[in-house]
Amino acid sequence: MQPHDFWQEIHSPHTFERLPAEGHRGFFPAEFEDGRQLRLPIRELADGEHALASLIINQAGFAVEEALCASLAEKVRHFEPEVVVGLPTLGLTLASGTAKKLGHGRYVPLGTSRKFWYREDLSVPMTSITSPEQVKRLYLDPRMVPLIQNRRLLLVDDVISSGRSVVAALSLLETCGIRPVAIGTAMLQTDVWREQLAATDPGLPERVVSVLRTPRLKRVTGGWTPE
(Lines give C-alpha, C1' and ligand atoms only; values in the text may rest on other atoms or scores of the structure.)
Protein backbone atom coordinates (compact mmCIF):
# COMPACT_ATOMS: atom_id res chain seq x y z
CA MET A 1 0.00 0.00 0.00
CA GLN A 2 1.05 3.58 -0.61
CA PRO A 3 1.14 5.85 2.50
CA HIS A 4 -1.84 7.88 1.26
CA ASP A 5 -3.98 4.73 0.90
CA PHE A 6 -4.32 4.07 4.62
CA TRP A 7 -7.48 4.84 6.63
CA GLN A 8 -9.47 5.62 3.48
CA GLU A 9 -11.85 2.66 3.52
CA ILE A 10 -13.65 0.49 6.04
CA HIS A 11 -13.76 -3.18 5.07
CA SER A 12 -16.33 -5.86 5.84
CA PRO A 13 -15.73 -8.26 8.75
CA HIS A 14 -13.20 -11.03 8.06
CA THR A 15 -11.75 -9.28 5.00
CA PHE A 16 -8.29 -9.65 6.54
CA GLU A 17 -6.95 -12.35 8.84
CA ARG A 18 -6.79 -11.28 12.48
CA LEU A 19 -3.74 -13.44 13.25
CA PRO A 20 -2.02 -14.48 10.02
CA ALA A 21 0.50 -17.28 10.54
CA GLU A 22 3.27 -15.28 8.86
CA GLY A 23 2.47 -12.15 10.86
CA HIS A 24 1.03 -8.84 9.71
CA ARG A 25 2.87 -7.31 6.78
CA GLY A 26 2.56 -3.62 5.98
CA PHE A 27 -0.66 -3.03 7.87
CA PHE A 28 -2.67 -4.07 10.91
CA PRO A 29 -6.45 -4.61 10.56
CA ALA A 30 -8.02 -2.81 13.53
CA GLU A 31 -11.61 -3.85 14.19
CA PHE A 32 -14.78 -2.01 15.07
CA GLU A 33 -17.08 -3.64 17.60
CA ASP A 34 -19.22 -5.07 14.78
CA GLY A 35 -16.18 -6.66 13.11
CA ARG A 36 -15.61 -4.10 10.35
CA GLN A 37 -11.91 -3.61 9.70
CA LEU A 38 -9.69 -0.58 9.11
CA ARG A 39 -6.19 -0.98 7.73
CA LEU A 40 -3.61 0.92 9.78
CA PRO A 41 0.10 1.30 8.93
CA ILE A 42 2.59 -0.42 11.19
CA ARG A 43 5.15 1.98 12.66
CA GLU A 44 8.40 0.35 13.76
CA LEU A 45 9.70 1.54 17.15
CA ALA A 46 13.26 2.60 17.85
CA ASP A 47 14.33 -0.80 19.21
CA GLY A 48 13.63 -2.40 15.83
CA GLU A 49 11.85 -5.32 17.50
CA HIS A 50 8.49 -3.75 18.29
CA ALA A 51 5.93 -1.64 16.45
CA LEU A 52 2.54 0.04 16.82
CA ALA A 53 -0.42 0.47 14.52
CA SER A 54 -0.93 4.15 13.69
CA LEU A 55 -4.08 6.22 13.13
CA ILE A 56 -3.97 9.80 11.79
CA ILE A 57 -7.61 10.82 11.80
CA ASN A 58 -7.23 14.11 9.96
CA GLN A 59 -5.81 12.17 6.99
CA ALA A 60 -8.70 9.69 7.02
CA GLY A 61 -11.35 9.57 4.33
CA PHE A 62 -14.56 11.31 5.31
CA ALA A 63 -16.43 8.00 5.47
CA VAL A 64 -13.87 6.64 7.95
CA GLU A 65 -13.93 9.83 10.03
CA GLU A 66 -17.72 9.72 10.05
CA ALA A 67 -17.75 6.07 11.16
CA LEU A 68 -15.29 6.70 13.99
CA CYS A 69 -17.26 9.69 15.28
CA ALA A 70 -20.61 7.90 15.00
CA SER A 71 -19.33 4.82 16.81
CA LEU A 72 -17.76 6.85 19.62
CA ALA A 73 -20.92 8.92 20.05
CA GLU A 74 -23.02 5.78 20.50
CA LYS A 75 -20.55 4.28 22.95
CA VAL A 76 -20.50 7.38 25.21
CA ARG A 77 -24.18 8.30 24.92
CA HIS A 78 -25.15 6.55 28.18
CA PHE A 79 -22.81 8.91 30.08
CA GLU A 80 -25.13 11.72 28.96
CA PRO A 81 -22.36 14.21 28.15
CA GLU A 82 -23.48 17.82 27.92
CA VAL A 83 -20.28 19.19 26.40
CA VAL A 84 -17.36 17.66 24.49
CA VAL A 85 -13.82 18.94 25.07
CA GLY A 86 -11.17 18.07 22.46
CA LEU A 87 -7.42 17.64 22.82
CA PRO A 88 -5.15 19.14 20.16
CA THR A 89 -4.24 18.50 17.58
CA LEU A 90 -5.79 15.39 16.11
CA GLY A 91 -8.30 14.96 18.91
CA LEU A 92 -10.10 18.08 17.71
CA THR A 93 -11.32 16.35 14.56
CA LEU A 94 -12.80 13.48 16.57
CA ALA A 95 -14.23 15.78 19.24
CA SER A 96 -15.99 17.99 16.71
CA GLY A 97 -17.53 15.07 14.83
CA THR A 98 -18.55 13.26 18.00
CA ALA A 99 -20.23 16.38 19.40
CA LYS A 100 -22.25 16.69 16.18
CA LYS A 101 -23.32 13.03 16.41
CA LEU A 102 -24.42 13.64 20.00
CA GLY A 103 -26.64 16.48 18.79
CA HIS A 104 -24.53 19.25 20.33
CA GLY A 105 -24.32 22.66 18.75
CA ARG A 106 -20.62 23.12 19.48
CA TYR A 107 -17.61 21.67 21.26
CA VAL A 108 -14.76 23.15 23.29
CA PRO A 109 -11.23 22.85 21.86
CA LEU A 110 -8.14 22.97 24.02
CA GLY A 111 -5.06 24.43 22.33
CA THR A 112 -1.28 24.54 22.32
CA SER A 113 -0.99 27.95 20.64
CA ARG A 114 -1.06 30.80 23.17
CA LYS A 115 -3.34 33.66 22.21
CA PHE A 116 -2.65 37.03 23.81
CA TRP A 117 -5.78 36.87 25.96
CA TYR A 118 -4.93 33.44 27.42
CA ARG A 119 -3.88 33.12 31.06
CA GLU A 120 -0.97 31.06 32.35
CA ASP A 121 -3.05 29.77 35.24
CA LEU A 122 -5.28 28.07 32.64
CA SER A 123 -2.41 26.09 31.13
CA VAL A 124 -0.24 23.06 31.92
CA PRO A 125 2.87 21.50 30.32
CA MET A 126 2.22 18.60 27.96
CA THR A 127 4.23 15.96 26.09
CA SER A 128 3.09 13.04 23.97
CA ILE A 129 4.50 9.69 22.86
CA THR A 130 4.70 10.89 19.24
CA SER A 131 6.73 13.98 20.16
CA PRO A 132 8.39 13.10 23.51
CA GLU A 133 11.13 15.75 23.26
CA GLN A 134 8.71 18.62 22.66
CA VAL A 135 7.34 20.10 25.86
CA LYS A 136 4.35 22.21 24.90
CA ARG A 137 1.74 23.96 26.97
CA LEU A 138 -1.90 23.02 26.87
CA TYR A 139 -4.29 25.97 27.15
CA LEU A 140 -7.95 26.49 27.89
CA ASP A 141 -9.39 29.69 26.45
CA PRO A 142 -10.72 31.69 29.44
CA ARG A 143 -13.84 32.50 27.42
CA MET A 144 -14.66 28.78 27.26
CA VAL A 145 -14.70 28.25 31.04
CA PRO A 146 -18.42 29.11 31.48
CA LEU A 147 -19.27 26.49 28.84
CA ILE A 148 -17.75 23.62 30.82
CA GLN A 149 -18.34 24.52 34.47
CA ASN A 150 -21.03 22.43 36.19
CA ARG A 151 -21.55 20.39 33.02
CA ARG A 152 -21.24 16.67 32.28
CA LEU A 153 -18.04 16.72 30.25
CA LEU A 154 -16.64 14.22 27.75
CA LEU A 155 -12.90 14.58 27.12
CA VAL A 156 -11.85 13.37 23.66
CA ASP A 157 -8.48 12.53 22.10
CA ASP A 158 -7.77 10.72 18.85
CA VAL A 159 -5.44 8.03 20.19
CA ILE A 160 -4.51 7.20 23.77
CA SER A 161 -1.16 5.46 24.11
CA SER A 162 1.00 6.49 27.07
CA GLY A 163 -1.83 8.55 28.59
CA ARG A 164 0.37 11.59 29.15
CA SER A 165 -1.66 13.97 26.99
CA VAL A 166 -4.91 12.96 28.68
CA VAL A 167 -3.37 13.35 32.15
CA ALA A 168 -2.25 16.89 31.21
CA ALA A 169 -5.80 17.71 30.09
CA LEU A 170 -7.24 16.29 33.32
CA SER A 171 -4.86 18.48 35.30
CA LEU A 172 -5.93 21.54 33.30
CA LEU A 173 -9.63 20.81 33.83
CA GLU A 174 -9.00 20.25 37.53
CA THR A 175 -7.90 23.89 37.82
CA CYS A 176 -11.53 24.72 36.98
CA GLY A 177 -12.86 22.17 39.42
CA ILE A 178 -13.97 19.85 36.60
CA ARG A 179 -13.68 16.08 36.23
CA PRO A 180 -14.95 14.44 33.04
CA VAL A 181 -17.72 11.86 33.27
CA ALA A 182 -15.86 9.88 30.59
CA ILE A 183 -12.91 9.93 28.19
CA GLY A 184 -13.46 9.02 24.55
CA THR A 185 -10.95 8.05 21.87
CA ALA A 186 -10.87 6.59 18.39
CA MET A 187 -8.15 4.11 19.38
CA LEU A 188 -6.50 2.71 22.49
CA GLN A 189 -2.91 1.83 21.63
CA THR A 190 -1.77 -0.94 24.03
CA ASP A 191 -2.69 -0.79 27.75
CA VAL A 192 0.22 1.37 28.96
CA TRP A 193 -2.16 4.30 29.50
CA ARG A 194 -4.09 2.50 32.27
CA GLU A 195 -1.41 3.04 34.92
CA GLN A 196 -1.10 6.76 34.18
CA LEU A 197 -4.84 7.34 34.38
CA ALA A 198 -5.32 5.14 37.44
CA ALA A 199 -2.72 7.23 39.28
CA THR A 200 -4.95 10.25 38.66
CA ASP A 201 -8.20 8.49 39.58
CA PRO A 202 -8.35 4.72 40.30
CA GLY A 203 -11.77 4.44 38.68
CA LEU A 204 -10.94 6.47 35.59
CA PRO A 205 -9.68 3.64 33.33
CA GLU A 206 -13.14 2.08 33.49
CA ARG A 207 -14.65 5.28 32.08
CA VAL A 208 -12.39 5.29 29.02
CA VAL A 209 -14.34 4.46 25.85
CA SER A 210 -12.74 3.59 22.52
CA VAL A 211 -13.80 2.58 19.03
CA LEU A 212 -10.66 0.57 18.17
CA ARG A 213 -8.01 -1.22 20.24
CA THR A 214 -4.55 -2.16 18.97
CA PRO A 215 -1.71 -4.05 20.71
CA ARG A 216 2.03 -3.55 20.71
CA LEU A 217 3.47 -5.72 17.98
CA LYS A 218 6.65 -7.80 18.04
CA ARG A 219 8.78 -8.75 15.07
CA VAL A 220 8.54 -12.27 13.72
CA THR A 221 10.06 -13.74 10.57
CA GLY A 222 8.60 -11.73 7.74
CA GLY A 223 6.11 -9.67 9.71
CA TRP A 224 4.63 -8.54 13.01
CA THR A 225 2.37 -10.24 15.56
CA PRO A 226 0.64 -9.03 18.75
CA GLU A 227 2.93 -9.23 21.74
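This text follows the structure it describes.
Residues numbered from 1 in each chain as written. Predicted model: local features only at pLDDT ≥ 70, side-chain atom pairs only at ≥ 80, totals over all residues. Heavy atoms only, no water.

Draft legend 1. Inspection of the layout of surface pockets at higher detail. One number sums up the size of the second largest pocket: a volume of about 340 Å³. Lining the second largest pocket are 15 residues, with Arg-18, Phe-28, Ala-30, Glu-31 and Arg-213 sitting closest to its centre. Taken together, the elements giving at least two residues each to the lining of the second largest pocket come down to strand 2 (27-31) and strand 11 (208-214). (1 Å grid on protein atoms, 1.4 Å probe; cavity = no way out; pocket = protein on both sides within 12 Å on 5 of 7 lines; lining within 4 Å. Points joined across faces, edges and corners; volume = space filled by probe spheres on them. Helix = DSSP H or I, 4+ residues; strand = E, 2+ residues; numbered from the N terminus.)

Draft legend 2. Broad picture of the packing of helix 1 (residues 62-76) against helix 2 (residues 91-101). The N-to-C vectors of helix 1 and helix 2 enclose an angle of 60°; their axes lie 8 Å apart at closest approach. Taken together, the axis directions place helix 1 and helix 2 in an arrangement best described as oblique. As helix 1 runs across helix 2, the sense of the crossing is right-handed. Across the interface between the two elements, Glu-65, Glu-66, Leu-68, Cys-69, Ala-70, Leu-72 and Ala-73 from helix 1 touch Thr-93, Leu-94, Gly-97, Thr-98 and Lys-101 from helix 2. Of the residues assigned to the contact of helix 1 with helix 2, the class counts are 6 nonpolar, 3 polar and 3 charged. (Axes fitted to C-alpha atoms, helices over the stretch in contact; angles between N-to-C directions. Parallel < 35°, antiparallel > 145°, perpendicular 65-115°, else oblique. Left-handed = near helix turned anticlockwise from the far one by under 90°. Contact = heavy atoms within 4.5 Å. Nonpolar A, V, L, I, M, F, W, Y, C, P; charged D, E, K, R; others polar.)

Draft legend 3. Up close: unusual backbone geometry. The peptide bond linking Pro-88 to Thr-89 adopts the cis configuration, its omega dihedral lying at -5°. Structurally, Thr-89 can be placed in the loop between strand 5 (83-86) and helix 2. Notably, Trp-7 is not glycine yet its phi reads approximately 50°, a positive angle. For Trp-7, the position within the fold is in the segment before strand 1 (10-11). Overall, Trp-7 belongs to the buried group, its relative accessible area being 2%. Positive phi is not limited to glycine here, since Asn-150 has a value of about 60°. Residue classification places Asn-150 among the exposed residues on the basis of a relative accessible area of 81%. (Buried < 20%, exposed > 50% of the residue type's maximum accessible area, 1.4 Å probe, protein only.)

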